[in-house]
Structures are given as C-alpha cells and as structure tokens.
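Chain residues, written in single-letter form:
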Amino acid sequence: MTGTNLLQDTPSSIVALNIRHGGGQRIGPLLDYLSGTEAEVLAITEFRTGKSGCALTEGLESAGYRHQHWSVEEDRRNAVMIASRMPFDPVGFRLPDGNAHRLVGARFGSLQVWAVYMALGKNKLPLYRFLKDTEPRSTILIGDFNTGLHRLDEQGATFTAADEFADLQTKGWSDAWRRQHGQGAREFTWLSPAGNGFRLDHALVSDDLVGQVADCRYDHSTRPALTDHSALCVQLA
C-alpha cells in the first residue's frame with residue numbers, strides 16, 4: 001500500500017486540539033493558532049455552543065474554514081467539531097446512548113475523518129465497544145481519547161480502558177504517532193496539577209492508510225497559555 005496513493009482530492013493536513021471548556025476568553029488566541037496552522041481540517045474537542053462557540057465558528061469561517069460540523073446543540077456541554085477548508089459530507093453514526101456528543105465524522109471523497117472526545121473513567125467503554133464493531137477503511141480517528149497505554153503513555157498504570165485502547169489496534173486501527181516514533185517512545189500531551197505526564201491525544205488510522213501517513217507529531221506550544229492539551233498534527237501523502 002505504501003506506493004499507492006489512496007487519497008487523491010482529499011485533505012493532506014489535519015490538526016486536532018482540545019480547546020478546554022469551549023475556549024472562553026481564549027477564543028481570540030485560539031483562533032489565531034488554529035488558522036495559523038494552515039491545516040486543511042481541524043478536529044476540535046471540548047467545543048461548546050453558546051457565546052464562545054459562536055465566536056469560534058464565525059472566526060473559523062472568516063479564516064476560510066467554511067465547512068463545519070459539530071455533534072450537539074447543548075450549551076456548556078463539551079462536544080466535538082470538525083472545521084474544514086474543503087467541502088465534505090457528514091458521516092452518520094448510531095452511537096450508544098449518552099455518546100451523541102463524543103464523535104463526529106466527515107467524508108472527503110475516499111477519506112473519512114472522525115473526531116472523537118472520550119469520556120473519563122468507565123463511561124468511555126460503550127464508545128470503545130462501538131468502535132471495535134466498525135470495519136475501518138480509509139479513516140482517521142483523531143482527538144482526545146482520555147486514555148493510552150500503561151507505563152508508555154503515562155508514567156504509571158492509572159488509565160481506565162488501556163486494554164480497550166490496545167485492543168482497538170488489533171481491530172484494523174494503527175497508532176500513527178507510535179508507528180512513526182517507535183514502540184517505546186514517550187511524549188506527553190497533558191500534565192496533571194501534580195506535573196505527571198499523559199499522552200491522551202491520538203490519531204488512529206485504518207490499516208490501509210498506514211503507508212499514507214507522512215508525519216504525525218505534537219505541538220506543545222499550545223500549553224499552557226492557550227489550553228491544557230498539546231495539538232496533534234497529521235500530514236498525509
């Protein structure tokens with residue numbers, strides 16, 4: 001698959017960022033950062049409707065991200081949105097009860113981008129079961145998973161659903177960052193108040209896209225002034 005371009009006429013750059021509780025008074029600097037990435041697609045988690053949401057969606061539209069899709073219309077609920085410079089068709093999901101705000105999808109021709117914001121604790125398990133029952137093809141699942149691998153994506157073994165995260169990678173998904181940087185690599189995208197590091201933000205690509213990932217890296221400049229998460233940047237062939 002490495003020598004075959006599966007992604008003609010599809011976006012080549014995606015940036016994911018958790019903007020922390022809708023952005024609030026940080027919307028202006030967040031807009032500057034997001035538009036400054038020049039990514040073709042943005043996957044934004046902890047998006048909220050209401051005043052800050054309007055400011056964000058209108059600002060992104062002015063910056064060229066005219067095509068937008070978000071998961072719920074409930075003020076003060078952390079949700080997910082996709083904003084794009086390229087037109088797309090929304091992907092419909094039949095999600096488990098209570099998870100409608102946690103996953104949105106966009107179809108760009110042969111490529112699908114799914115933006116995800118996982119719950120804390122065991123509340124994320126129904127969404128993992130849903131994802132493991134899918135048959136991914138030409139799909140990127142990107143966002144804040146609120147979990148990772150014990151002792152690799154965290155310093156200890158505190159994650160809930162670490163086994164489910166690992167098992168997902170036996171069901172047709174591959175961790176783009178870890179494939180590029182090595183199985184023993186460590187890099188953290190969120191720090192606890194005590195200073196403990198965690199890699200919570202991931203890009204899982206369907207196995208047929210593995211050879212199409214040209215770059216997958218984190219931008220830590222977003223912490224702590226803009227938000228409490230690092231941005232995740234994916235470049236496709």
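Everything in this summary refers to the structure shown in the same document.

Here is what the cut-offs are and how they apply
Residues numbered from 1 in each chain as written. Predicted model: local features only at pLDDT ≥ 70, side-chain atom pairs only at ≥ 80, totals over all residues. Heavy atoms only, no water. Buried < 20%, exposed > 50% of the residue type's maximum accessible area, 1.4 Å probe, protein only. Helix = DSSP H or I, 4+ residues; strand = E, 2+ residues; numbered from the N terminus. Pairing = 2+ DSSP bridges. Axes fitted to C-alpha atoms, helices over the stretch in contact; angles between N-to-C directions. Expected span 1.5 Å × (residues − 1). Arc of directions from axis to C-beta. Contact = heavy atoms within 4.5 Å. Core = buried A, V, L, I, M, F, W, Y, C linked by side-chain atoms within 4.5 Å. Phe/Tyr/Trp six-rings, centres within 6.5 Å; stacked < 30°, edge-to-face > 60°.

### Examining the pairing of strand β4 (residues 79–84)
- Counting buried positions over the six residues of β4 gives six, a clear majority of the element.
- Across the two faces of β4 the burial is the same, with A79, M81 and A83 and V80, I82 and S84 all buried.
- With six bridges joining them, strand β2 (residues 41–47) and β4 adopt antiparallel strand pairing. When the bridges of β4 are listed, L42 appears paired with A83.
- As defined by bridge partners, strand β3 (residues 67–70) adjoins β4 across four bridges and the pair is classed as antiparallel. Bridging from a neighbouring strand, H67 pairs with S84 of β4.

### Thoughts on the sheet that holds strand β8 (residues 139–144)
- Strand order in this open sheet of six strands is β5-β6-β7-β8-β12-β9, and the pairing throughout is mixed. Of all the strands in the sheet, just β5 (89–91) and β9 (173–175) have a single pairing partner and so form its edges. Adjacent strand axes in the sheet meet at a mean angle of 25° when their direction is disregarded.

### Here we look at unusual backbone geometry
- Put simply, R223 and P224 share a cis peptide bond, and its omega is -5°.
- Relative to the helices and strands, P224 is located in the loop between β13 (213–219) and β14 (231–236).
- Positive phi is not limited to glycine here, since R20 has a value of about 65°.
- Positive phi outside glycine occurs at H21, with the angle close to 55°.
- In this fold, H21 is placed in the loop between β1 (13–18) and α1 (27–36).
- Exposure remark for H21: the relative accessible area of 44% places this residue in the partly exposed category.

### Focus: helix α2 (residues 51–62)
- Spanning 12 residues, α2 covers 17 Å between terminal C-alpha atoms, matching the ideal 16 Å at 1.5 Å per step.
- S52, G53, L56, T57 and L60 are the residues of α2 that are buried. All buried residues of α2 lie within an arc of 125° about the axis, which places them on one face of the element. Pointing more than 90 degrees away from the buried face of α2 are the exposed residues K51, E58 and S62.
- Looking at the buried residues of α2, the elements they touch are α1, β2, β3 and β4.
- Once α2 finishes, G64 follows within two positions and takes phi at roughly 105°, a positive value.

### Details of the sheet that holds β14
- The strand order across the open sheet formed by six strands is β3-β4-β2-β1-β14-β13, and the pairing between neighbours is mixed. Each of the sheet's edge strands pairs with one partner strand only, and the pair in question is β3 and β13. Looking at each pair of strands side by side, their axes are set apart by 15° on average, direction ignored.
- On top of the sheet, α1 reaches β1, β2, β13 and β14; it is set at about 160° to β1, its chief contact.
- Sheet strands in contact with α2 are β2, β3 and β4, and its direction is about 175° off that of β2.

### Brief notes about the nonpolar core
- Within the largest apolar cluster, 28 residues are counted, with the highest numbers of intra-cluster contacts made by I82, V113, I140, I142, C216 and L232.
- No other element matches strand β7 (residues 111–117), which puts four residues into this core.
- With 20 residues, the next largest nonpolar core counts I19, Y65, A83 and L226 among its residues.

### Remarks on the packing of aromatic side chains
- Following the criterion strictly, the structure yields nine aromatic pairs and no others.
- A centroid spacing of 6.2 Å and a plane angle of 85° characterise the contact between F93 and F130, whose relative ring orientation is edge-to-face. Here F93, found in the loop between β5 and β6 (103–108), pairs with F130, found in helix α3 (residues 125–132); they are 37 residues apart in sequence, far enough to count as distant.
- Both rings, one in F145 and one in F165, keep their centres 5.8 Å apart while their planes meet at 75°; by these two values the pair is edge-to-face. Highlighted residues: F145 in the loop between β8 and α4 (162–168) and F165 in helix α4, separated in sequence by 20 residues. Grouping residues by exposure puts F145 and F165 together as buried.

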